[in-house]
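# Fold and contact review
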Amino acid sequence: MKTTIKKHTMNILNGMAIGIIVALVPGAILNAIIKPLLPHAPFLSIILSLTGMAAITLPATSAACVGMLAKMTPIQTASMALAATVGAGSAKVVNGVITVNGSGNVLNIGITIAIAYALIMFLGKRLKDLTILLLPTLTLIVGGGLGLLTLKPVNTFTTGVGQLIQHITGLQPLLMGVLIGICFAILVVSPISSVGIATAIGIHGIASGSANLGIVAAAFTIAIAGAKVNSFGTTISHFVGTPKIQMANIISKPKIMIPSLINAGILGGLGALLDVQGTPISAGFGLSGLVGPLADLDAHSNVSTMHIIIIFVLFIILPVALAFISRYIFTDKLKFQKADHFKLTYK
């Protein structure tokens, strides 16, 4: 029973993570690049429209990814997408006209997908030949309807968490920068989506910058710790892609995350002190797609040469330096960990 629940939960979490990345990464990368160019090339605004349209599909995209991971039928997957679209809360009815704005509340999308998922698993093959007629309707009304009921309290919760983080960050930026960096370093190697959490609670500003730097620190520290036993392509995939590929190794030996957490705290604190900023989308990506650095540059209207140097140091130079120092201390001297602990084998 526990194994089954874990399997379904992982399907939902991993599907959500993939859906978020697919729907939001184009905007996260392209928007930061294109916005400064618009005064000189206004025709590029069409690209911003395209990325906005992609973001709107987040509920359905996430549901589709969950359905594929769960090996659902096309009818089941599409039915779940209907419920997720309703539960997102991005669609509003004003004077009889339906308008859609943004991707909706990510946390409530996850809750709605979980409800629809459970409903579909319960119904299974019970509907038999009526499946194509009844399943979409029942999933939409029951799953989507319950998603609408949870939308308001979830919105209140996520808004409150985001405001609390921003408030505490304003009072104690260094301390919160350290803690947020550590928290997101843990999230990025866990089954939970760091992008999903960041988007769900609406983390932004310097809190987002610290979260992003925490992920960067973890990615470089883990990559360099296992560089002697992993191929070059596997090594760079930790920071070009995601360090989540080490999830199994870290879950089996949690202590090997300690060097990463130390470095994440250092970078997160420095990011807060040096005004590194970001968005709810960029917070969970790290260096992947240069989303973090680009989001920071986009957040500052007048970027100085010194700030660009600071960003380069914080996102590249310092993470690499800290990673090699960590490997020297924890692997070579203290024998706290071995390169083999980070070995990845793909067959």
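One structure accompanies this document, and this report is about it. Position numbers for residues count from 1 along each chain, tracking the sequence in the order it is written. Per-residue local features of the predicted model are confined to residues with pLDDT of at least 70, and side-chain atom pairs are confined, for both listing and counting, to 80 or more; whole-chain, interface and lining totals are unaffected and use all residues. As a rule here, side-chain values come from all non-hydrogen atoms in the structure, and water together with hydrogens is ignored.

## Some remarks on helix H12 (residues 258-273)
Rule in force here: What counts as a helix is a DSSP run of H or I of at least four residues, what counts as a strand is a run of E of at least two, and both are numbered from the N terminus. Take the residue count of a helix, subtract one, and multiply by 1.5 Å to get its expected span. Relative accessibility thresholds used throughout: buried, under 20% of the residue-type maximum; exposed, over 50%; partly exposed, between the two (1.4 Å probe, protein chains only). By definition, residues are in contact when any of their heavy atoms lie within 4.5 Å.
End to end, H12 covers 23 Å across 16 residues, agreeing with the expected 22 Å (1.5 Å per residue, within 8%). Taken as a whole, H12 has its buried residues at Pro259, Ser260, Asn263, Ala264, Gly265, Leu267, Gly268, Gly269, Gly271 and Ala272. Close packing links the buried residues of H12 with helix H7 (173-188), helix H9 (205-225) and helix H14 (305-333). Just downstream of H12, Asp275 is the residue with a positive phi angle, here 60 degrees.

## Some thoughts on unusual backbone geometry
The phi dihedral of Lys71 falls on the positive side, at around 55 degrees, and the residue is not glycine. Of note, Lys71 is situated in the loop between helix H3 (58-69) and helix H4 (74-87). Phi at Lys335 is positive, roughly 55 degrees, even though this residue is not glycine. Take Lys335: it is sitting in the segment after H14.

## Remarks on the packing of aromatic side chains
Here is the rule: Aromatic contacts are taken between Phe, Tyr and Trp rings whose centres are within 6.5 Å, Trp giving its six-membered ring; a plane angle under 30 degrees counts as stacked, one over 60 as edge-to-face, and the others as tilted. Two thresholds decide whether a charge sits over a ring: the Lys NZ or Arg CZ must be within 6 Å of the ring centre and within 35 degrees of the ring normal.
The full count for this structure, using the stated rule, is two aromatic pairs. Taken together, a centroid distance of 4.4 Å and an interplanar angle of 15 degrees make the contact between Phe220 and Phe239 stacked. Of the two residues, Phe220 sits in helix H9 while Phe239 sits in helix H10 (residues 232-240), which places them 19 residues apart along the sequence. Cation over ring: Lys255 sits above Phe336, and NZ or CZ is 4.9 Å from the ring centre.

## Re the packing of H3 against helix H5 (residues 106-123)
Each pair of packed helices can be described by the angle between their axes along with the distance between the axes. The condition that has to hold: Interaxial angle, 0 to 180 degrees, is taken between N-to-C directions of lines fitted to C-alpha atoms, where a helix line uses only the stretch in contact. Our angle categories are set so that under 35 degrees counts as roughly parallel, over 145 as roughly antiparallel, 65 to 115 as roughly perpendicular, and the remainder as oblique. For a crossing to be left-handed, the near helix must be turned anticlockwise from the far one by less than a right angle; the clockwise case is right-handed. Ten residues, namely Ala, Val, Leu, Ile, Met, Phe, Trp, Tyr, Cys and Pro, are considered nonpolar, four, namely Asp, Glu, Lys and Arg, are considered charged, and the remaining ones, Gly among them, are considered polar.
Contact geometry for H3 and H5: axes closest at 10 Å, N-to-C directions at 45 degrees. Viewed along their axes, H3 and H5 adopt a mutual orientation that is oblique. Between H3 and H5 lies a crossing of right-handed hand. Of the residues in H5, those in contact with Leu58, Pro59, Ser62, Ala63 and Val66 of H3 are Val106, Ile109, Ile113 and Tyr117. Considering only residue class, the contact of H3 with H5 consists of eight nonpolar, one polar and no charged.

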